[in-house]
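# Report on the structure
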Amino acid sequence: MEQSKLIYTSTACDHCDSAEIDKILETARRVNLEKSITGVLYFSSNYFMQYLEGDTGSVEEIYSRITQDDRHTNIRLVDTASIEERKFADWAMAYIPQSDVLVPIHLKFMDSTEFNPEAITADNATDIVWELYAQLPSAHYEGSSGG
Ligand code: FAD
């Protein structure tokens, strides 16, 4: 079965606080386990960047649901392509909140200390995700519900 990756950015809604993000993670991890989707959600400066990987049909289905979710706006599909193997095979949805540890990634790819979704393109998006992956041991947050 063909596997794909998908990367998008979005702007969190006004009421999207840490409790709301915990709820998003709880649902995401439950559904992603059922659908065998893996990946990472990054939240910084009130923006989301998410990387999804899995069977192409499942990735498209989950992304379609995500785009209908009122908890974020300005959803921009940055890149999607077939993949040979998964990067986040052990993560139903890793979560990385804003942290000083990640400022070097912003400086390298966005020429700013702040996360800037407009600087993310199909050419650099996967490299940014790989850098986030490298930071997972120190930057990952389980969420209040764990998982
Ligand atoms: P239902 O709970 O039946 O919801 C139906 C519709 O309403 C869906 O389109 C849903 O997007 C939207 N919705 C659900 N709850 C809310 C709410 N509290 N406020 C506003 N709209 C709502 N889901 C995953 O399965 N995997 C992911 O990786 C994932 N990542 C996400 C990342 C972000 C940044 C956000 C905002 C949401 C994410 N979600 C993810 C949640 C996703 O949008 C759906 O809520 C979830 O997949 C359940 O879908 P459903 O059709 O069963 O939802």
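Here's what I pulled together on the structure shown here. Everything quoted here is computed from the prediction, not taken from an experiment. (Residues numbered from 1 in each chain as written. Predicted model: local features only at pLDDT ≥ 70, side-chain atom pairs only at ≥ 80, totals over all residues. Heavy atoms only, no water.)

### Description of the overall build of the protein chain
Of the regular secondary structure elements, the protein chain holds four helices and five strands. The secondary structure elements of the protein chain, listed N-terminal to C-terminal, are β-α-β-β-α-β-β-α-α. For 147 residues, the compact-globule estimate of 2.2 N^0.38 gives 15 Å, and the protein chain sits close to it at 14 Å. Each principal axis of the C-alpha atoms in the protein chain carries an extent, and together these give about 40 × 35 × 30 Å. Within the span of the protein chain, comprising 147 residues, buried residues form 48% of the whole. (Helix = DSSP H or I, 4+ residues; strand = E, 2+ residues; numbered from the N terminus. Rg over C-alpha atoms; globule rule 2.2 N^0.38 Å. Buried < 20%, exposed > 50% of the residue type's maximum accessible area, 1.4 Å probe, protein only.)

### Side note on the environment of Leu102
By secondary structure assignment, the location of Leu102 is in the loop between strand 5 (94–97) and helix 3 (103–110). According to the relative accessible area criterion, Leu102 is buried, its value standing at 0%. A sequence separation of 30 residues divides Leu102 from Leu132, and the C-alpha atoms of the two residues are 7.9 Å apart. If we skip the residues at most four places from it in the chain, Leu102 touches Tyr42, Ile96, Pro97, Leu132, Gln135 and Ala139. (Contact = heavy atoms within 4.5 Å.)

### A short note on the packing of aromatic side chains
The final tally for this structure, using the stated rule, is seven aromatic pairs. Each ring, one from Tyr47 and one from Phe115, has its centre 6.3 Å from the other, and the planes form 50°; the classification is tilted. With a gap of 68 residues between them, Tyr47 in strand 3 (residues 47–55) and Phe115 in the loop between helix 3 and helix 4 (125–139) connect regions that are remote in the sequence. Owing to a relative accessible area of 27%, Tyr47 belongs among the partly exposed residues under this scheme. Judged by its relative accessible area of 3%, Phe115 is buried. Judged by centre distance (5.8 Å) and plane angle (75°), the ring pair of Tyr51 and Trp130 falls under edge-to-face. (Phe/Tyr/Trp six-rings, centres within 6.5 Å; stacked < 30°, edge-to-face > 60°.)

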